[in-house]
Every structure is written in structure tokens, then in C-alpha cells.
Amino acid sequence: MPELCNTTGLGLVSDQTAFQKVISTVQPPPNSRYRSLLRYIDLVRKCPPASKLLADWGLALEPYTSVAMTADLLREEMILTTSSSLDGDNNHQNSNALLARHRYLQTKTTSSNWSHLLRHSPLLLPVAIGSRWSVVHSRADTAVTRHFVLLCRRAAAAMSLDLEEPRAVVCTANGGGTSADDFLLAIKTCYSPEDRILVVVTPGAVEVKSRYDRIKQLASLQLGLATQFVRGATLGAGNRKLETITPAILVQMVCKLGGAPWGVRMPGLGRSLESSPHPLHLVMYVGIDIYHRKSLKRRSVIGFVASTNSQATAWYSRAYVKVEDTSDLCEGDFLAEATSSALLRYRFFNRRLPTSVVIYRDDVGVPLEKLLRVEYEAMEAAIRGVYSSEEEVRGNF
């Protein structure tokens, strides 16, 4: 991705010829993908270590001559929004009520980007912000900030968001209104315990990390306030571009406050609870991953998330730091406790437990037998402990 290359990427983005060459490489046509797949199969079959690695998991690649791929036309995706506004302070309780109050936006199969359809459509689960938000900016960004707030309120009306005029504070202090101390002083001046989110407009086109870290530390750790950072150069990029960016910024703010911008058509959605003993819309999706980094000094972080509603737009999350252990194996006690807590949270919001639990485990670098003995058995025991003895619990992997 050229945008991520600090040395050459910025030049490539401006050079359309070079950029098109990159696009043709990362987005090849189907025939090229098929030929690449055949070459990959041939290379793996000719590499004994690779074949042995697959065999340890009970897998093997068949000869490429037996690989047949047929074209499959995907159906048009249906994007779920809501036809009326809901109180954002009770998002979890209201999320299931959306099943009777939704509408679909039909998208073209040739495009996977539907954000433009939502600029003038109600969100799936809006939030009520009202006047409980504030904006902090430097004196140089006063004009663009006022225009941005105007566009926010205009876009919010179309998205069924309750958004009123915020309290705006200009940074003026010894640092010229742009230093971290200037912003911290302005935030403390405008802060109210009733606020739901703080919008910080930082000067220039590049974010100063030290200033960003100090503002986040004050807002998140000390004030318990959600934040939305916007760069002044972004707001001054032109009216047409800003009209496109503003709804996307509002979507980020909604997500940080527990709302949901949209949903997708889920398997079994809308099916009555009586029509099937295992309705597919009562599924809890769990994702587990582990993060390693040398700077953590022999510590690894386990991430655990689980969906808590039928649309998979609300999530319960946990994190755990492993000390003196940098393996890809998660600790069974943590997984058991996190699984139990996620199931209880699901039951709290849905008034019943899920009929199925689908677990995605990413970045596995340990033998399958060890993974099943430690992680799978711990989670299975936790699931059995939450369900009643009369309910049958069966596991597959």
C-alpha cells in the first residue's frame, strides 16, 4: 500500500501512472489470481517442510490439476439502517427492537463502498448527543472549525442524530495556542461532567504525537471523555471535500459513543424464535488474537471480543497481559473467565443465551494438540458452566 510507505508512498500517490501499476499488482484480474494459486500449490507440494507443516494439522494440498474454479456472482449486499431515531443512551436495550424498524439500502455488486449511501440516510443505531459536546481549537483554525460545526449539524439531521451547537473554546496561552499545555488548559476550561464527546481540532497537517498523547491521557484517563481528533488542514481542504469527510467523522463519533452506523444482512435475521430450535440470529461471534512486540519486554497482550446482539454491532471486549511468556498460546484461565463473562453479558442484553458460539482464533503458532488441550478445553468448560445441565452443549472445530 503506497500510502503506508513513508519514503516513496507520497510520491506514488501523486504519480497516477505509477499508482495504476501498483493497483494492477495488488488487484489482479481473476485469471491472474487463478494462475498464482496454481503456482502456489505446486511450490508447496514440492517443498517438504511446507508439506510436513500441513500434515501436522491433518491437511494436504491436492495436485493443481484437480483444482477447478467456477465463477460465482455474489448477490447484492443489503445495508441495514433504521427508519427512525432511537435514544442513544439505551443502545443495547434498543438494538433488538431494530428488527422491526429497519430498512435496507441496496448497493451495486460492482462496488463494496456504500458510505456515500449513508450521507443522507438514518443510521442503524443513532446516539443522542444534543449540546453535550465541546470543540477545542487554535485561533488560526477558528473559521474552518465554525464551518465544520455547521456541516456537522446539517449532516446530523439527515443521519437522525440529535446534535446541537457545541461549546467552542479557543486555545490561547503562552505557547501561542498550539502547544499541548494550551490544549490541556482549554479542555479543562470547557469540560462539563455532562459531556459525551470532545472534538479536538489540532493545527497543521501532521499530528504531534506528544501533544496527542497528553490530550488523550487527560480526556480518557482523568475525565473519562471520548475524543475525536481532526486536523486543521483537513477542515481547510475545500468545501466539497469537507462535505464528504464530515459524515465519516460523525460516524466515528457515533461508534465511540456506542452507536452503530449500519449493519449487513445476517443469516437467519428476521426468523421467528419459534421457527427453528437454533435460530441463526442468536449467534455470538468471538474473536481472539495475541499481540507481540519487542518493546513490551517479554510481555504479550491477548485480545478477546464477543458480539452481544443479533447484528454483531455491539461488542464485549477484554485484554490480558501475559508476563514472561511470548508464545502464541493464550492462558486458559483468562479465556475461561472472559468466555463466561461474555455469555452473561449476551444474556443480559438479549434475555437468553446464544444458540451457537462461533470462535475465530487468529495467529496460531502452536501445535493443534496443544491449542485444543489448553484453549479449547478451557472455553468449552466455561460454556458448559454457564448453560444449564438440561441444555446440550456440543463443540466442533
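Given the structure is predicted, the values throughout are model-derived calculations rather than measurements. (Residues numbered from 1 in each chain as written. Predicted model: local features only at pLDDT ≥ 70, side-chain atom pairs only at ≥ 80, totals over all residues. Heavy atoms only, no water.)

**Thoughts on the side chain of arginine 211**
Inspection of the secondary structure assignment puts arginine 211 in helix H8 (residues 209–222). Taking relative accessible area as the criterion, arginine 211 reaches 6% and is therefore assigned buried. When residues no more than four places from it in sequence are discounted, the contact partners of arginine 211 are Thr178, Ser179, Ala180, Phe183, Thr202 and Pro203. (Helix = DSSP H or I, 4+ residues; strand = E, 2+ residues; numbered from the N terminus. Buried < 20%, exposed > 50% of the residue type's maximum accessible area, 1.4 Å probe, protein only. Contact = heavy atoms within 4.5 Å.)

**Some details on the confidence of the model for the protein**
In the predicted model, the protein carries a mean pLDDT of 79, and the fraction of residues at 70 or more is 76%. Predicted confidence is poor over residues 84–94, with pLDDT under 50, and the contacts of this stretch with residues over four places away or in other chains come to 26 contacts. For residues 270–278, every residue scores under 50 in pLDDT, and the model assigns this stretch 9 contacts once sequence neighbours within four places are set aside. (pLDDT = per-residue confidence, 0-100.)

**Points about the side chain of threonine 142**
Within the secondary structure layout, threonine 142 lies in helix H6 (residues 142–158). A polar atom in the side chain of threonine 142 sits 2.8 Å from the backbone oxygen of arginine 139. In this view, threonine 142 contacts His137 and Val170; residues no more than four positions away in its chain are not counted. (Polar contact = N/O pair within 3.5 Å; in protein donor to acceptor, adjacent residues only side chain to side chain.)

**A word on the nonpolar core**
Grouped together as the largest cluster of nonpolar side chains are 27 residues, with contacts concentrated most on Trp133, Phe148, Leu161, Val199, Leu250 and Met253. When residues of this core are traced back to their parent elements, those giving at least two are strand S4 (133–138), H6, strand S7 (197–202) and helix H10 (239–256). The element that contributes the greatest number of residues to this core is H10, accounting for 7 residues. Other than its neighbours up to four places away in sequence, tryptophan 133 contacts Val149, Leu163, Glu164, Glu165, Pro166, Arg167, Asp195, Ile197, Val199 and Met253. Core analysis: the next-biggest nonpolar cluster, separate from the first, contains 22 residues, Phe304, Ala306, Leu335 and Ala342 among them. (Core = buried A, V, L, I, M, F, W, Y, C linked by side-chain atoms within 4.5 Å.)

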